Amino acid sequence: MLDHRRATPRTDTVLADPALVAAAARLGPQLVKEAARYAIEECRQGRVRPQDVVAVALAALPPAATSLRRVVNATGVLVHTNLGRAPLSAAAVEALAVAAGATDVELDLATGRRGRRGRGALAALARAVPDAGGVHVVNNGAAALALVTLVLAAGRSVVVARGELVEIGDGFRIPELLESVGARLREVGTTNRVRLEDYAAAVDDDVAFVLKVHPSNFRVTGFTSSVPVERLAGLPVPVVVDIGSGLLAPHPRLPEEPTAAGALRAGARVVTASGDKLLGGPQCGLLLGDADVVEGLRRHPFARAVRVDKLTLAALEATLTGPVPPVRAGLEADRAELLRRARALVAALAPHVPAEAVESVGAVGGGGAPGVELPSAAVAVDDRLAVPLRTGPLPVLGRAHRGRLLLDLLAVPPEQDAALAEAVRTAAGQV
């Protein structure tokens with residue numbers, strides 16, 4: 001009878017295998033050791049033959065030295081917060097590779113002296129929003145609003161409509177964010193209605209600015225009223241506008257979504273926004289507005305605490321100057337073309353996997369354009385495939401709809417179609 005413990009190869013022997021040595025050079029020794037120990041223990045228990053230990057260890061290795069996994073976003077939500085919000089363009093991904101090594105992020109190569117940090121990205125942002133006299137970038141949208149509040153309103157009051165005291169992701173709330181950096185809130189109006197007179201009555205010498213927050217992740221309808229930026233701009237204090245979603249200029253499919261350009265033209269002194277939503281770039285916070293105000297924000301000591309890194313600057317610049325990023329491509333997607341792709345996928349799955357090409361409706365997501373429906377198309381399959389698809393070698397996330405699983409193509413680039421079909425075939429074999 002075979003003694004599995006005696007037949008099990010030694011750890012150092014397994015780790016010396018050329019394939020595992022190469023894997024250690026790529027992934028690091030710790031991950032390879034863990035995979036080798038797993039395979040060796042399986043051999044000791046008699047579940048793996050000694051000659052297969054190296055192969056089992058290689059199969060147990062992750063594809064990269066990170067616990068994050070690449071997934072296919074077939075939910076129909078363009079900017080999915082749980083999936084990392086905006087997927088980057090190929091140009092932005094290439095820019096990340098350039099920025100990963102030593103770069104001239106704060107060096108002027110012509111003079112050999114210190115240069116403006118991220119000057120290329122800042123110049124690209126300024127070109128994208130010419131109405132802004134000054135621009136600055138921090139590490140996320142909440143940091144942008146916090147920096148503005150800290151610099152302009154610490155120890156003073158900020159006037160904001162009650163209906164705009166929104167809660168963002170994971171329980172974070174705008175009023176708590178503002179108060180955490182030393183501002184006092186002065187709420188005006190009611191949950192559903194606010195008038196210019198409410199703001200005017202609240203403004204006094206203690207008020208640093210009026211804040212207008214776009215309720216980007218919900219919609220209030222019915223008996224409502226709000227005050228546009230152009231009217232608030234007539235008040236004797238600055239107006240700061242948080243547009244949230246990062247739409248820099250108008251888009252025909254999002255006619256009601258506020259834009260940075262529109263808010264500045266209407267009289268906002270500062271506009272804050274996120275870079276990883278409708279702009280389609282990396283996570284960052286955008287600050288646009290009067291040159292003197294933005295320069296004061298940039299020079300404040302707290303700006304260092306929310307400073308953006310070189311990888312983000314590179315990806316942001318490539319997003320602004322490069323080809324159409326995936327989010328914008330999804331916004332502009334043609335349903336007829338999506339339906340053609342869905343039918344091609346159904347044909348590729350036949351006859352072994354029952355599927356149907358159907359019209360569907362997608363969403364912007366990421367706290368942007370609530371209620372806006374985006375025309376799309378999907379492959380409808382048995383909803384029992386949801387778990388094996390989500391837990392497969394290439395995780396695929398769809399959405400349940402009327403007893404079926406819809407694999408919506410709105411946020412799936414065409415080059416992923418073949419991998420999506422293979423993932424469905426693999427999942428179907430497990431049901």
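Just so we're clear, the structure is a prediction, and the values are computed from it rather than from any experiment.

Criteria and cut-off values
For every chain, the first residue of the written sequence is number 1, and numbering continues from 1 along that sequence. Owing to the predicted nature of the model, reporting of local features is limited to residues with pLDDT of at least 70; listing and counting of side-chain atom pairs is limited to 80 or more, with chain, interface and lining totals taken over all residues. Side-chain metrics in this entry use all non-hydrogen atoms of the structure; hydrogen atoms and water are not considered. Strands here are runs of E lasting at least two residues and helices are runs of H or I lasting at least four, both read from the DSSP assignment and numbered beginning at the N terminus. In what follows, residue pairs with any heavy atoms lying within 4.5 Å of each other are defined as contacts. Working definition of accessibility: Shrake-Rupley area with a 1.4 Å probe, residue cover restricted to the visible protein chains. Burial classes: relative accessible area under 20% of the type maximum marks a residue as buried, over 50% as exposed, and values in between as partly exposed (1.4 Å probe, protein chains only). Directions pointing from the helix axis toward each C-beta atom define the arc. When DSSP finds at least two bridges between two strands, those strands are taken to pair. Note on geometry: axes are C-alpha line fits, over the in-contact stretch for helices, and angles between N-to-C directions span 0 to 180 degrees. What we call a nonpolar core is a set of buried Ala, Val, Leu, Ile, Met, Phe, Trp, Tyr and Cys residues that are connected through their side-chain atoms within 4.5 Å. Here the expected length of a helix is defined as 1.5 Å per residue gap, with one fewer gap than residues. A 3.5 Å cut-off defines polar contacts: any pair of N or O atoms within that distance qualifies, except that in protein one atom must be a possible hydrogen donor and the other a possible acceptor, and neighbouring residues in sequence count only when both atoms are side-chain atoms. We define a salt bridge as a contact between a side-chain nitrogen of Lys or Arg and a carboxyl oxygen of Asp or Glu at a distance within 4 Å. What sets the label is the angle itself: under 35 degrees gives roughly parallel, over 145 gives roughly antiparallel, 65 to 115 gives roughly perpendicular, and the rest give oblique. Crossings are sorted by hand: turned counterclockwise from the far helix by less than a right angle, the near helix makes the crossing left-handed, and turned clockwise it makes it right-handed. The residue classification treats Ala, Val, Leu, Ile, Met, Phe, Trp, Tyr, Cys and Pro as nonpolar and Asp, Glu, Lys and Arg as charged. All others, Gly included, are polar.

**Q** Help me understand the overall build of the protein in this model?
**A** Across its full length, the protein carries 19 helices and 16 strands. For the C-alpha atoms alone, the extent of the protein along its principal axes is close to 90 × 55 × 40 Å. Considering only contacts within the protein whose residues lie at least 6 apart along the sequence, 73% involve residues at least 24 apart. For the protein, the exposed surface amounts to about 21,300 Å²; the carbon and sulfur share of it is 53%.

**Q** Would you mind showing me how to read helix 13 (residues 291-299) here?
**A** Residue pairs spaced three or four apart in an α-helix point in one direction, given the helix's 3.6 residues per turn. If you check which residues of helix 13 are buried, you get V293, V294 and L297. The buried side chains of helix 13 occupy one side of the element, clustering within an arc of 95 degrees when seen end-on. Of the exposed residues in helix 13, those oriented more than 90 degrees away from the buried face are D292 and R299. Its buried side turned inward, helix 13 meets strand 5 (134-138), helix 8 (141-153), strand 10 (270-274), strand 11 (285-289) and helix 14 (302-305).

**Q** Looking at this structure, I do not really get the sheet that holds strand 7 (residues 184-188). What am I missing?
**A** Picture the strands of a sheet paired through backbone hydrogen bonds; they go either parallel or antiparallel. Read across the sheet, seven strands follow the order 5-11-10-9-8-6-7 without closing on themselves; strand pairing throughout is mixed. Each edge of the open sheet carries a strand with a single partner, namely strand 5 and strand 7. Pairs of neighbouring strands in the sheet enclose a mean axial angle of 25 degrees, with direction left out of account. Alignment of strand 6 (residues 157-161) against strand 8 (residues 207-213), held across four bridges, turns out to be parallel. Counted as the bridge partner of V160 is L211 from strand 8. The strands touched by helix 7 (residues 119-128) are strand 5 and strand 11; relative to strand 5, the strand with the most contacts, the crossing angle is about 125 degrees. Where helix 13 meets the sheet, it contacts strand 5, strand 10 and strand 11, and its direction lies at approximately 30 degrees from that of strand 5.

**Q** Could you clarify how one ought to interpret the nonpolar core in this entry?
**A** Proteins that are soluble and globular tend to have nonpolar side chains buried together. Ranked by internal contacts, the top residues of the largest apolar core, which has 40 residues, are Y199, V271, L286 and L288. Ignoring sequence-local partners within four residues, the contact set of L288 consists of L125, V129, A132, G134, V135, A260, L264, R269, V270, V271 and V294. Counting residues in each nonpolar core, the second largest holds 37 residues, with A86, L339, V396 and L410 among its members.

**Q** I keep staring at the pairing of strand 8 and nothing clicks. Help me out?
**A** Residues in a regular strand project their side chains so that they alternate between the two faces of the sheet. Of all seven residues making up strand 8, seven are buried, and the element is well covered by its neighbours. Relative to strand 9 (residues 239-244), strand 8 runs parallel, the two sharing four bridges. Paired with V210 across the bridge in strand 9 is V239.

**Q** Can you help me understand helix 8 in this one?
**A** Spanning 13 residues, helix 8 covers 18 Å between terminal C-alpha atoms, matching the ideal 18 Å at 1.5 Å per step. Turning to helix 8, its buried residues number three or more, namely G141, A143, A144, L145, A146, L147, V148, T149 and A153. Between the side-chain oxygen at the start of helix 8 and the backbone nitrogen of A142 there is a gap of 3.2 Å, and the oxygen is on N140. Of the residues flanking the end of helix 8, it is G155, one or two places downstream, whose phi is positive at about 80 degrees.

**Q** So what exactly am I meant to see when it comes to the pattern of salt bridges here?
**A** Side chains that carry opposite charge are capable of pairing whenever their charged atoms lie near each other. Applying the stated criterion across every chain, the model contains 25 salt bridges. One salt bridge in this structure joins R49 and D52, with 2.8 Å as the shortest N-O distance. Owing to a relative accessible area of 25%, D52 belongs among the partly exposed residues under this scheme. Between E106 and R117 there is a salt bridge, and its shortest N-O distance comes to 2.6 Å.

**Q** Looking at this model, I keep getting lost on the packing of helix 17 (residues 335-349) against helix 19 (residues 417-428). Mind explaining?
**A** Put simply, helix 17 and helix 19 touch, their axes get as near as 10 Å, and they point 40 degrees apart. Considering the angle they form, helix 17 stands oblique to helix 19. You can see that helix 17 and helix 19 cross each other, and the crossing is right-handed. Packed against helix 17, whose contacting residues are R341, L345, A348 and L349, the element helix 19 presents D417, L420, A421, V424 and R425 at the interface. Residues that form the contact of helix 17 with helix 19 fall into these classes: six nonpolar, no polar and three charged.

**Q** Whenever I open this one, the sheet that holds strand 2 (residues 77-79) confuses me. Can you help?
**A** Spatial strand order, 2-12-13-16-15: five strands in an open sheet with mixed pairing. Two strands close off the open sheet at either side, each with one partner strand: strand 2 and strand 15 (399-401). When strand polarity is set aside, the average angle formed by the axes of neighbouring strands in this sheet is 45 degrees. In the sheet, strand 15 pairs with strand 16 (residues 404-408) via three bridges, with the strands oriented antiparallel. Paired with H401 across the two strands is R404, which belongs to strand 16. Packed on one face of the sheet, helix 17 meets strand 12 (356-365) and strand 13 (374-382) and runs near 10 degrees to strand 13.

**Q** Sorry, what's going on with the packing of helix 3 (residues 18-27) against helix 4 (residues 29-44) here?
**A** Packed helix pairs are characterised by how far apart their axes lie and by the angle those axes make with each other. Direction vectors running N to C along helix 3 and helix 4 enclose 135 degrees, while the axes themselves pass 7 Å from each other. In this view, helix 3 runs oblique relative to helix 4, as classed from their interaxial angle. For the pair helix 3 and helix 4, the contacting residues are L20, A23, A24 and L27 in the first and P29, L31 and V32 in the second. Looking at the contact of helix 3 with helix 4 residue by residue, the class counts come to seven nonpolar, no polar and no charged.

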